[in-house]
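Spelled out from the first residue to the last, the chains are:
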Amino acid sequence: MEKRFSEGFFWGGALAANQCEGAWDVDGRGPSVDDHVTGGSFERPREITAAIDPQAFYPNHDGIDFYRRYEEDIALFAEMGFTMLRLSISWSRIFPNGDDAEPNEAGLAFYDRVFECCREHGIEPIVTLSHYEMPWSLAERYNGWASREVIDCFVRYCSTVFARYRDKVHWWLTFNEINNGASDHGNLLSTSLVRGFEGPVSELKRTPQERYQALHHQLVASALAVRLAHEKYPQFKIGNMDCFILSYPATCDPADVLANQAEMRRSNWFCSDVQVRGHYPSYARRYFRENGIELHMEPGDLADLAAGTVDFYTLSYYMSNIVGTHGDLEMAQGNMTFGGKNPYLPATEWGWQIDPAGLRFALNEIYDRYEIPIMIVENGMGARDEVSEDGLVHDPYRIDYLRRHVEAMREAVDDGVDLIGYTWWGPIDIVSAGTGELAKRYGFIYVDKHDDGTGTLARSRKDSFYAYQRIIASNGADLS
Ligand code: BGP
C-alpha cells in the first residue's frame with residue numbers, strides 16, 4: 001500500500017499568543033503570567049517577579065510583534081502552502097483581569113482581524129484557548145488553578161470567544177500541554193501556582209497535592225468548555241493537547257519496564273485518559289494514595305468530566321527519554337520534562353533528543369489506546385541559526401529533522417493511524433517558552449531579533465521554508 005496522507009490533510013504551523021504577539025500592554029490588554037517572567041538561557045533559568053522591574057528584560061512583552069505584523073506573517077505562511085494555523089488567544093487581551101464585567105472589545109476585534117486574514121489565505125485556524133498563560137491578576141489573587149473560582153472565569157472566557165468567533169473558527173483546543181501541570185516544571189506556565197513566589201522558575205516547587213488539585217480544576221474546566229462547544233456549536237471540533245514525551249525502559253530488566261510504564265502513565269496518559277475517556281484511569285487510585293494526594297471534588301465534577309470528552313487527540317512531539325531503576329542514568333534535557341539520555345539518539349544544542357522513529361511509535365500507541373483522530377500540533381527543532389555572507393539562513397539540520405519526522409508520520413499512517421494534520425512549532429522564530437530566548441529558533445522564517453533587544457524585526461525565508469513548501473505541495477510525498 002502506498003504511504004500517503006489523506007486528501008485534506010492539514011499542513012501548517014503553530015504559535016502561542018504570548019510568545020509572538022508582543023503588545024503586552026496596549027489596547028486594553030492586561031498582563032499575563034508570562035509578562036512577569038524575565039529572559040533566561042540554557043544555563044540561566046528565567047525568573048518570576050511580582051512587580052515589573054524596569055531594569056529587567058521580559059521577552060514576552062514584545063515577542064516578535066505579531067500583533068502589528070500578522071498580515072505579513074500569515075501571507076508568508078500562505079506562500080509555504082499552509083492550510084492550517086494554530087494560534088492561541090491571549091485570555092488577558094479579552095478579560096484583562098480574568099473576571100472583568102465586560103470583555104475588552106479591542107482584544108476581540110484583533111482576533112477577528114487575524115482569523116479573517118487566515119480565511120482570506122485559505123488557512124483554517126485552530127485555536128488554543130489557554131496556551132501557557134492566564135491573566136496575572138487571577139494568578140495572584142487565586143494562586144492560579146489552585147482555586148475553583150478560576151473554572152467559572154475560564155468558562156465565561158470560552159463562552160465569550162466561542163460566540164464571537166463561531167463562524168470564523170471551527171477547530172479548538174482547551175489547554176496547551178495540560179499534562180505538564182502534573183510535574184513541578186509546570187507550576188508556572190501550566191497551572192500558574194505562583195502566588196507569593198519570586199525567583200528562578202526552577203525553584204518554584206509545589207506539592208503533589210497542590211499540583212493534582214490544580215490539574216483537577218483544569219480538567220473540569222476543559223470538560224465544561226467541551227460540553228459548551230458541543231451543546232451550542234455543532235460545527236466545532238474540540239480537542240485536548242498533550243505534551244507527549246515518549247520514554248523507553250533503560251534496559252530489559254522488568255523493573256525498568258515497570259518504572260517506564262509508571263512514567264508513561266504519569267507523564268503522558270493521565271490527562272488524556274480523563275479527557276478522551278471521561279474518567280480518571282484505574283491506576284490513579286494507587287498513584288494518589290502513594291503520593292498523598294486527596295482530590296477535593298464537588299458533586300457533579302465526575303459527571304462533568306464524563307460529559308466533556310474531546311473529539312480528537314492532539315500532541316506536541318519533540319523528543320524521547322529513557323527511564324531506569326539502576327541509578328546510573330545520565331540526564332537529558334527538555335523544557336518541562338526530563339529523563340535519561342539515550343545512547344542511540346543525537347540531541348539538539350539544548351539537549352532535546354531527536355527521535356523520529358519514536359513519533360511513529362507514539363502515534364501507534366495513542367491510536368491503539370483511543371481510536372480517535374490525531375493531530376500533531378507541535379513538532380520542531382530549536383537551533384542557533386547563523387545568517388550567512390549571502391544574507392540567507394541555511395538550515396540543513398532543520399530540514400533533516402522535518403523530513404525524518406514527516407517520513408515517520410507516513411509510516412504511522414500506513415500502520416493505520418488516523419492522522420489528520422501536522423502543525424510545525426514556531427514556523428516563524430518566536431520567544432522560547434522554556435528559556436525565553438530568541439536565539440533558540442524554530443522558524444522556517446527568520447526574524448531579525450536578538451536576546452539583547454536589538455534587531456529590525458525584518459522577516460526572511462530560510463532554506464527550510466522551501467523544503468516545507470515542497471512537502472506541503474506534494475502532500476508529504478516530496479521529501480527531496
Ligand atoms: C512546548 C510549548 C511551546 C513551545 C515548545 C518549544 O512545550 O507548548 O509553547 O515553546 O514547547 O519549547 P521551547 O520554546 O522551550 O524551546
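Because the structure is a prediction, the values reported are computed rather than measured.

(A) Looking closely at empty space enclosed by the protein. Scanning the model with the defined rule gives six cavities of 30 Å³ or more in all. Roughly 60 Å³ of internal volume is contained in the second largest cavity. For the second largest cavity, the full set of lining residues is Ser130, Tyr132, Glu133, Met134, Trp145, Phe175, Asn176, Ile178, Leu189, Ser190, Ser192 and Gln218. Broken down by class, the residue content of the lining of the second largest cavity amounts to six nonpolar, five polar and one charged.

(B) Representation of the layout of surface pockets in the model. Taken as a whole, the second largest pocket encloses approximately 310 Å³ of empty space. What lines the second largest pocket is a set of 13 residues, and nearest its centre among them are Ala262, Arg265, Tyr283, Arg286 and Tyr287. Counting only elements with at least two residues in the lining of the second largest pocket, the list comes to α8 (254-277) and α9 (284-290). A per-element tally of the lining of the second largest pocket places α8 first, with seven residues.

(C) Layout of unusual backbone geometry. For Ala23, which is not glycine, the phi torsion reads 45 degrees and is therefore positive. What makes Ala23 buried here is its relative accessible area of 6%. Backbone geometry at Asp27 places phi at a positive 50 degrees, although glycine is not the residue there. With respect to the element layout, Asp27 can be found in the loop between α1 (17-20) and β2 (47-48). Judged by relative accessible area, which is 42%, Asp27 ranks as partly exposed.

(D) Expanded view of the side chain of Lys440. Along the chain, Lys440 turns up in the loop between β13 (419-425) and β14 (445-447). For the buried Lys440, no salt bridge exists, and the shortest N-O distance to an oppositely charged side chain is 6.3 Å, to Glu437. In this structure Lys440 touches Trp350, Trp352, Gly382, Ala383, Ile430, Ser432 and Thr435, once residues within four positions along its chain are discounted.

(E) Structural detail: the pattern of salt bridges. Scanning the entire structure with this criterion turns up 32 salt bridges. Salt-bridge contacts for Asp35 lead to Arg29; the nearest nitrogen and oxygen are separated by 2.9 Å. Pair check on accessibility: Asp35 and Arg29 agree, each one buried. For Asp273, the salt bridge identified is with Arg277, shortest N-O distance 3.4 Å. One end of the pair is Asp273 and the other is Arg277, both in helix α8 and four residues apart, which spans about a single turn. When its relative accessible area of 0% is taken as the criterion, Asp273 is described as buried. The structure contains a network of salt bridges with shared partners spanning Asp385, Asp395, Arg398, Asp429, Arg441 and Lys462.

(F) Quick peek at the site of the ligand. Within the structure, the ligand sits among 15 residues, and Gln19, Glu177, Ala433, Lys440 and Tyr442 are positioned closest to it. Contact distances for the ligand include 2.9 Å between an oxygen atom and a side-chain N or O atom of Asn176. The separation between an oxygen atom of the ligand and a polar side-chain atom of Glu378 is 2.8 Å. When the residues that make up the shell around the ligand are grouped by side-chain class, the tally is six nonpolar, six polar and three charged.

(G) Representation of the nonpolar core within the structure. In terms of nonpolar packing, the biggest core is built from 141 residues, with Trp172 and Tyr468 touching the most fellow members. The leading source of residues in this core is helix α7 (residues 208-232), at twelve residues. Membership of the second largest hydrophobic core comes to ten residues, among which are Met84, Trp171, Met241 and Phe312.

(H) Layout of the sheet that holds strand β10 (residues 313-316). Within the open sheet, the nine strands sit side by side as β7-β5-β4-β3-β1-β13-β12-β10-β8. Their pairing is parallel. Taken across any chain shown, the strands that pair with only one partner, and hence form the sheet edges, are β7 (237-239) and β8 (242-243). Strands in contact with helix α11 (residues 356-370) are β10, β12 (374-378) and β13; relative to β12, the strand with the most contacts, it is inclined by about 135 degrees. Together, β1 (10-14), β12 and β13 form the strand contacts of helix α12 (residues 396-415), whose direction differs from that of β13 by roughly 165 degrees.

(I) Representation of the packing of aromatic side chains in the model. Overall, the coordinates contain 44 aromatic pairs when judged by the stated rule. Both rings, one in Tyr422 and one in Tyr468, keep their centres 6.5 Å apart while their planes meet at 75 degrees; by these two values the pair is edge-to-face. Of the two residues, Tyr422 is situated in strand β13 and Tyr468 in helix α13 (residues 463-473); the sequence distance between them amounts to 46 residues. Across the pair, exposure class does not vary: Tyr422 and Tyr468 are buried alike. Connected via pairs of aromatic rings, a cluster forms that spans Phe5, Phe9, Trp11, Phe77, Phe82, Tyr401, Tyr422, Trp424, Phe444 and Tyr468. Lying over the aromatic face of Phe110, Arg93 brings its terminal NZ or CZ to 5.5 Å of the ring centre. In this structure, Arg461 is placed above the aromatic ring of Phe465, and the distance from its NZ or CZ to the ring centre is 5.5 Å.

Reading guide: rules and limits
- Residues numbered from 1 in each chain as written.
- Predicted model: local features only at pLDDT ≥ 70, side-chain atom pairs only at ≥ 80, totals over all residues.
- Heavy atoms only, no water.
- 1 Å grid on protein atoms, 1.4 Å probe; cavity = no way out; pocket = protein on both sides within 12 Å on 5 of 7 lines; lining within 4 Å.
- Points joined across faces, edges and corners; volume = space filled by probe spheres on them.
- Nonpolar A, V, L, I, M, F, W, Y, C, P; charged D, E, K, R; others polar.
- Helix = DSSP H or I, 4+ residues; strand = E, 2+ residues; numbered from the N terminus.
- Buried < 20%, exposed > 50% of the residue type's maximum accessible area, 1.4 Å probe, protein only.
- Lys, Arg positive; Asp, Glu negative; His and termini not counted.
- Salt bridge = Lys/Arg side-chain N within 4 Å of Asp/Glu carboxyl O.
- Contact = heavy atoms within 4.5 Å.
- Near = heavy atom within 4 Å.
- Polar contact = N/O pair within 3.5 Å; in protein donor to acceptor, adjacent residues only side chain to side chain.
- Core = buried A, V, L, I, M, F, W, Y, C linked by side-chain atoms within 4.5 Å.
- Pairing = 2+ DSSP bridges.
- Axes fitted to C-alpha atoms, helices over the stretch in contact; angles between N-to-C directions.
- Phe/Tyr/Trp six-rings, centres within 6.5 Å; stacked < 30°, edge-to-face > 60°.
- Lys NZ or Arg CZ within 6 Å of the ring centre and 35° of its normal.

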